[in-house]
There are 2 protein chains.
Amino acid sequence: MVRTHDVCAPATPSAVAGHDLTPLPVGAVALDPARELGAWQTVNRERTLPHVVERLGSTGVLDNLRRLVGESDAPFRGPLFADSDLHKTLEAIAWEAARVPADQPWEPFARAAAVLLARVQREDGYLDSHVQGDAARAPWADMRWGHELYVLGHLVQAAVARERATGRDDLMAVARRFADLAVAEFGPSSTRADGLCGHPEVETALVELYRHTGERAYLDTAAAMLDRRGAGALGAGPFEPSYFQDHLPVRESHEATGHAVRQLYLAAGMADVAAETGDGTLEAALERLWASAHGTKAYVTGGMGSRHRDESFGDPYELPPDRAYAETCAAIAAFQWDWRMLLASGDARHADAMERVLLNGIAAGVSTDGRRFFYSNPLQLRSGHDGASEDTPSERLDWYGCACCPPNLARLVSSLGAYVATGTEQRARLYLYAAGTVRLGATTLDVRTDYPWDGRVEIDVTGPLEELALRVPGWCEDAALEVDGVAADAAPDPDGYVRAALAPGGHRIVLTLPMPVDVLAPHPRVDAVRGCVALRRGPVVFCLEQPDLPAGVPLEDVRIDLTVAPRVGPGVRSLRAGATVLAEGVVRSSEGLPRATALRRSSRPSAPSGMLPGRIALRAIPYARWANRAGGAMRVWIPVDEEGLTT
Amino acid sequence: MVRTHDVCAPATPSAVAGHDLTPLPVGAVALDPARELGAWQTVNRERTLPHVVERLGSTGVLDNLRRLVGESDAPFRGPLFADSDLHKTLEAIAWEAARVPADQPWEPFARAAAVLLARVQREDGYLDSHVQGDAARAPWADMRWGHELYVLGHLVQAAVARERATGRDDLMAVARRFADLAVAEFGPSSTRADGLCGHPEVETALVELYRHTGERAYLDTAAAMLDRRGAGALGAGPFEPSYFQDHLPVRESHEATGHAVRQLYLAAGMADVAAETGDGTLEAALERLWASAHGTKAYVTGGMGSRHRDESFGDPYELPPDRAYAETCAAIAAFQWDWRMLLASGDARHADAMERVLLNGIAAGVSTDGRRFFYSNPLQLRSGHDGASEDTPSERLDWYGCACCPPNLARLVSSLGAYVATGTEQRARLYLYAAGTVRLGATTLDVRTDYPWDGRVEIDVTGPLEELALRVPGWCEDAALEVDGVAADAAPDPDGYVRAALAPGGHRIVLTLPMPVDVLAPHPRVDAVRGCVALRRGPVVFCLEQPDLPAGVPLEDVRIDLTVAPRVGPGVRSLRAGATVLAEGVVRSSEGLPRATALRRSSRPSAPSGMLPGRIALRAIPYARWANRAGGAMRVWIPVDEEGLTT
């Protein structure tokens, strides 16, 4: 089961050779920088990553390490897991080195960081600047809050990326020493009941390290950590055990609960262990968790985490748009979990979920200029919102006291190519429709498309490919397929794909995915958006934003008139620019209305007579693009004008 | 301005002699134990107060003090302001002594507590068991979080109550020594910029101590503490200055913000200082705060505090029913603030607000048996709610880790009589319609009513009363007034009263307040309950609760059919028993529906065809009575069946 550095994409389960679910080798995909995902990678490389690297220096992340070797006298700064910001950044740098091997501007930084980490690392392999910098702290003393294994997890992922992308093993040497210490301390033979991390992440990382090195102890340690959950070993405190997903054995999990990022990274780790061990009880638990998370606790943007308190999942159908937490890191974790579920099952609904959260919940986390970020991603911001708190700012901030999200975004965007397709030169599957080139051995797929702004996807195939499975998105009706100019059956199979069987040679495949504007009604149990609709076109969710309204019309007074069908409007078709959906609206002033109105004679609630309607054209923009202009109100779910319909 | 112990009700501004806004003397009101408020006082005395006293012993509140005089070796337990639980309880005990002078079962406890507090008190007057019990802490070292002045405030209120109710000055001696220390440390001449408490409460208490003793320094110190706000003296930290209401000078306040209990106690203190100093800028700020709190941030139950995170106010119109925090203590603080606004202005809307929050937001905080409590008071609980956290339990708990609410309820309920009326033997006002007797010098009001379950209020007046002003509740239309059998003008004046002019002698006044079932539509900006209505009758808000539904019908699938007018149902008319409102409903199954549904051909959102309607009789109970039976779902705001109306 040994994996070498050039056959695995970021953090992927093992795959059977020849199977069309085999992850792509590093460097197999080059995305077109003129189109959506490729352009995002360019912004990420040219704007986000330099910004993140600069902040590692200015916010103390590097000084926290330097002081341990006498090169800084600054006190420790940042959250206790600040090291992980560096590790995520090193992972992003590695993927960028693989993506643009000819230009590696951060290689000196990465090399110096590896040297610094090696110098800070203790003799026994331990490496955590927060614990090492505080004489009052001892390693592994507080598994509940210590985050040391979380930091190790990100170090391992960075080291795997660096070795796979560049062949350089300096960071891997550091990571393995720390990982080996964790194996000794918390491996299957450990008697420590609390041998698990209060913040899951290390589980998925250790499984990847197993795939990378072939060293079974890493997999077994990850599995042992899962097995220890649910016994209450993390101890008591003001936070409930469910916050840490320590309230139940993982195999009995049935509901996504607690801190959202923790739950989603844990699920990714469970999927990794299940993929390597074939543990059916884990797989069944994952199916239940997925049904809970995606069926009752996900926003239309793919974001998860309904509560600010504890950054946590709420009850089923508790999905407030205004107080959505929907942390960017939770969205990234959900993406990673679905990737593992996709590779394990092939079920295209997992790719649907990845697409949804990528283009909406994740993309909203960063500004079009790549240097400002949201941590929480609400689906509504009111006029008069108090944006003083970092917790609910009115616009993206250029950094956060807890800056887990920006480097997480950087590592994801730099590795986006890895998630586009899987397979071998004989059989492949295409999931995310992005313009670019996919190389699978002797087979090349040349993809031309303006997706997600246009549903036409042209694929020129050269090489020995025998079958190409194309995902038909769940949002799509009436997909059409053409192979070499001849219409083919485009009814998706139960797993959600249309399949083109190909003879050796060159072919042109054209997949057409019609993209009308969808008007979405919420599930009737989602109380928080009753009486509203959301606009979606293809996979992209739209929103109304105050700057698109006439002066003097607060967004809160706008209703959508559904007697006129929303339609596609003009605009440059890019998340980074200005695609639009147009609709008809009505303004109903709420000024001076009483707080609640008793209806004495009316048989149904109706707007008080003070509401004067005025017709208005509505311009909706992609949700992910909100807060890139002068601030103001925003909403994804738009109240439907019921008055107009009944009078 | 000296007040003696027998002329002031709990915590009231000074009043002009002879004015009909003069607070009642202690013991002036005896409520009928067979009717609503009087029955609540009986439960409070016989069930709640013994329970609270028992818990002071079992949860460490008393041991925290005893250990400081060598009588306990238990470590400190509870929140750092645990002493205040004792002080609030002592206040409740004092009001009970005044209410039932012939039976004072807790007098030995109160006397012993005063002795214990005197022994613990330092030479200089300081008295806080948390700080005194920790050698690493110094007094007044952390004004942001220390709560020492908050503890002092509750001690002062208890001491004033005890001296007024019983004439005993043992607790007052302790309280004044501590208060005098605070005056020396934080009085107007203090140079401490941080001379204010991170948790307001002491301000209103010091003004009351000024009224009680005539010592101007207490008033001046309270005013100085207000004046220091807004300069950022509380320092920085993870909580925003607005959490502590330290983001603006109090005279510039324009929006209710931050931690709700803090904001509301602060407002009460501002109102007290304004009443005694005639400070017009403070009064103007209070009007703005009141308009913000009651116009945009109050639940239909009168509860306040929309966010669990920071137990805080949200943005205007951010009023989620499920995640309502609406802490019981915040409801009590709102009641106290409105009492002060009422006495300062005479405006009956403040009595409306008191009535609303008392019978709904506050009453919900305690079970009918008086021994189980809610801390947060949601307006909706979903089927499948995870009630594991103290923060959002599925039912009232018999105690809390932070047990501020139970003793706060006890002191309020034991003093309810004080809020019924104001005035003198010549001129009086009646606010809360409760059966009982009000004595104002030689004048006696004998009130017979089944209010709030029936709108007929009979008042027999004897004595020299010349004018009686009767509040016409804001919810009421078509009030009728009869004086000695003759109909009188019942149109309320601008302040909200009808006034009966009386010749000396005996009179019978009958006020009739019609109580149809009101169907309330929310303000259109309250997104969280769009498409829903609430049922209210008189001042009482109703709710649907799972135990009243047929087996197998989840509350989430119920809609109300407003083509049939809701009507009053049978049931014993008491918050402690079972009043009901009946309505027609429709069940629309949501089982198996997709998370969101794209509407392709429909011009408006409609329920997916899978929803099979079934007619159902709905039985609504008073909101304050929910969670007294087997647990389950509850909702105040009921979705309106739109399908039925348009098909």
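Predicted model only: the values in this text are computed from it and were never measured. (Residues numbered from 1 in each chain as written. Chains lettered and ligands numbered in written order. Predicted model: local features only at pLDDT ≥ 70, side-chain atom pairs only at ≥ 80, totals over all residues. Heavy atoms only, no water.)

### Comments concerning the sheet that holds strand β11 (residues 497-501) of chain B
All names here are of chain B.
- The strand order β3-β4-β8-β11 describes an open sheet built from 4 strands, whose pairing is mixed. Every other strand in the sheet has two partners, leaving β3 (421-423) and β11 as the edge strands with one partner each. Sheet twist, expressed as the mean angle between neighbouring strand axes with direction ignored, is 15 degrees.
- As paired elements, strand β4 (residues 427-430) and strand β8 (residues 467-471) share 4 bridges and run parallel to each other. Across the sheet, residue A428 finds its bridge partner in β8, namely L468. (Pairing = 2+ DSSP bridges. Helix = DSSP H or I, 4+ residues; strand = E, 2+ residues; numbered from the N terminus. Axes fitted to C-alpha atoms, helices over the stretch in contact; angles between N-to-C directions.)

### Some remarks on the environment of L440 of chain B
All names here are of chain B.
- Relative to the assigned elements, L440 resides in strand β5 (residues 436-440).
- On a C-alpha basis, the gap between L440 and L319 in space is 42 Å, while along the polypeptide they are 121 residues apart.
- If near-sequence neighbours (up to four positions away) are discounted, L440 is found in contact with L24, G423, T424, E425, A428 and L445. (Contact = heavy atoms within 4.5 Å.)

### Brief notes about empty space enclosed by the protein
- Within this structure, the stated rule accounts for 17 cavities of 30 Å³ or more.
- Within this model, the second largest cavity holds a volume of roughly 220 Å³.
- Along its surface, the second largest cavity is lined by 25 residues, and P320, D322 and R323 of chain A together with P320 and R323 of chain B are the ones closest to its centre.
- The residue inventory of the lining of the second largest cavity, partitioned by class, reads 6 nonpolar, 6 polar and 13 charged. (1 Å grid on protein atoms, 1.4 Å probe; cavity = no way out; pocket = protein on both sides within 12 Å on 5 of 7 lines; lining within 4 Å. Points joined across faces, edges and corners; volume = space filled by probe spheres on them. Nonpolar A, V, L, I, M, F, W, Y, C, P; charged D, E, K, R; others polar.)

### Details of helix α11 (residues 280-296) of chain B
- An ideal rise of 1.5 Å per residue puts 24 Å on 17 residues; α11 of chain B measures up with 24 Å between its terminal C-alpha atoms.
- Here the buried face of α11 of chain B lies against α9 (216-227), α10 (260-277), α12 (328-345) and α13 (348-362) of chain B. (Expected span 1.5 Å × (residues − 1).)

### A look at the domain arrangement of chain A
Residues and elements named next belong to chain A.
- When the domains of chain A are assigned, the result is domain 1 (1-11 + 27-228), domain 2 (248-365), domain 3 (421-451 + 455-512) and domain 4 (517-646).
- Averaged C-alpha coordinates put domain 1 and domain 3 at centres separated by 36 Å.
- Each partner contributes residues to the interface: domain 1 has 8 residues there, and domain 3 has 9 residues.
- The tally of links between domain 1 and domain 3 comes to 1 salt bridge. (Domains from an automatic or database assignment. Salt bridge = Lys/Arg side-chain N within 4 Å of Asp/Glu carboxyl O.)

### Digging into the pattern of salt bridges
All names here are of chain A.
- On inspection of all chains with the given rule, the structure shows 121 salt bridges over all chains.
- As a salt-bridge pair, D315 and R307 come within 3.8 Å of each other at their nearest N and O atoms.
- Accessibility expressed as a relative area gives 5% for D315, which makes it buried.
- Judged by relative accessible area, R307 falls into the buried class, the value being 11%. (Buried < 20%, exposed > 50% of the residue type's maximum accessible area, 1.4 Å probe, protein only.)

### Details of the state of the cysteines
Residue and element names in this part refer to chain B.
- Evaluated as defined, the whole model comprises 0 disulfides over all chains.
- Sulfur of C543: no disulfide; nearest cysteine sulfur belongs to C532 and is 14 Å away.
- Residue C543 is classed as buried on the basis of its relative accessible area, which comes to 1%. (Disulfide = S-S within 2.5 Å.)

### Let's talk about the packing of aromatic side chains
All names here are of chain B.
- Counted according to the given criterion, the structure contains 40 aromatic pairs over all chains.
- Consider the rings of W140 and F186, whose centres lie 4.9 Å apart with planes at 90 degrees: the pair is edge-to-face. Here W140, found in the loop between α5 (129-132) and α6 (148-166), pairs with F186, found in helix α7 (residues 170-186); they are 46 residues apart in sequence, far enough to count as distant. F186 carries the same exposure label as W140, and that label is buried.
- Measuring from ring centre to ring centre gives 4.5 Å for F239 and Y243, while their planes differ by 55 degrees; the resulting arrangement is tilted.
- The exposure class of F239 is partly exposed, given its relative accessible area of 26%.
- A residue is classified by how much of its surface remains accessible, and Y243, at 8% relative accessible area, is buried. (Phe/Tyr/Trp six-rings, centres within 6.5 Å; stacked < 30°, edge-to-face > 60°.)

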